[in-house]
Amino acid sequence: MSLRKLAVLFASIAVSTAMLGCVLTIAIWPGEAKLTAPLFCEDPYNQPMVVSDTFVDSEGTGTNFTLYCVGDRGEFTDEGFLLPWLAVWAAHTLIVFVLALLIAAATRRRPEISDTESVI
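The rules behind each value
- Residues numbered from 1 in each chain as written.
- Predicted model: local features only at pLDDT ≥ 70, side-chain atom pairs only at ≥ 80, totals over all residues.
- Heavy atoms only, no water.
- Helix = DSSP H or I, 4+ residues; strand = E, 2+ residues; numbered from the N terminus.
- Expected span 1.5 Å × (residues − 1).
- Buried < 20%, exposed > 50% of the residue type's maximum accessible area, 1.4 Å probe, protein only.
- Phe/Tyr/Trp six-rings, centres within 6.5 Å; stacked < 30°, edge-to-face > 60°.
- Contact = heavy atoms within 4.5 Å.

*Asks:* Would you mind showing me how to read helix α3 (residues 82-107) here?
*Replies:* An α-helical segment advances 3.6 residues per turn. Residues three or four places apart therefore align on the same side. End to end, α3 covers 37 Å across 26 residues, agreeing with the expected 38 Å (1.5 Å per residue, within 8%). Of all the residues in α3, the buried ones are P84, W85, V88, T93, F97 and A100.

In structure tokens form, the structure reads like this:
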């Protein structure tokens, strides 16, 4: 597979997983955000907690998700939404890209040898 094809494949996968991540954020975000805790939560704030804040304004109802790292005594740090979401997006992109490469390698056609050709 050429470098150009790999770049196009990776770019299309990155865009697709970003769109999927935007759509599925409400459904799977809290569980996946906790998986990013080792990247963002440091001692003594080592317990991840995802909090959803729902609000209503003139444009309708909205929900914000925030990753907090909580310590043993209730102290916490606010890790926000964007960096954990970017980490999850990068992981999704990498997983789908590797799967696409494996599928491409498995389905790659090998040249067939006809009966009239000799094999050395």
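*Asks:* What is the right way to read the packing of aromatic side chains from this model?
*Replies:* How two aromatic rings sit relative to each other is given by the distance of their centres and the angle of their planes. Under the definition given, this model contains three aromatic pairs. Relative to F97, the ring of F10 has its centre 5.1 Å away and its plane inclined at 90°; by these criteria the two rings are edge-to-face. Here the residue F10 occupies a position in helix α1 (residues 3-35), and F97 occupies one in helix α3, the gap between them amounting to 87 residues. Using a relative accessible area of 38% as the deciding quantity, one classes F10 as partly exposed. Looking at F97, the relative accessible area reads 14%, which means it is buried.

*Asks:* Explanation requested: the environment of T61 in the structure shown.
*Replies:* Looking at where T61 falls in the secondary structure, it is placed in strand β2 (residues 60-70). Discounting residues that sit within four places of it in the chain, T61 has contacts with T54, F55 and V56.

That is the geometry; function is a separate question.
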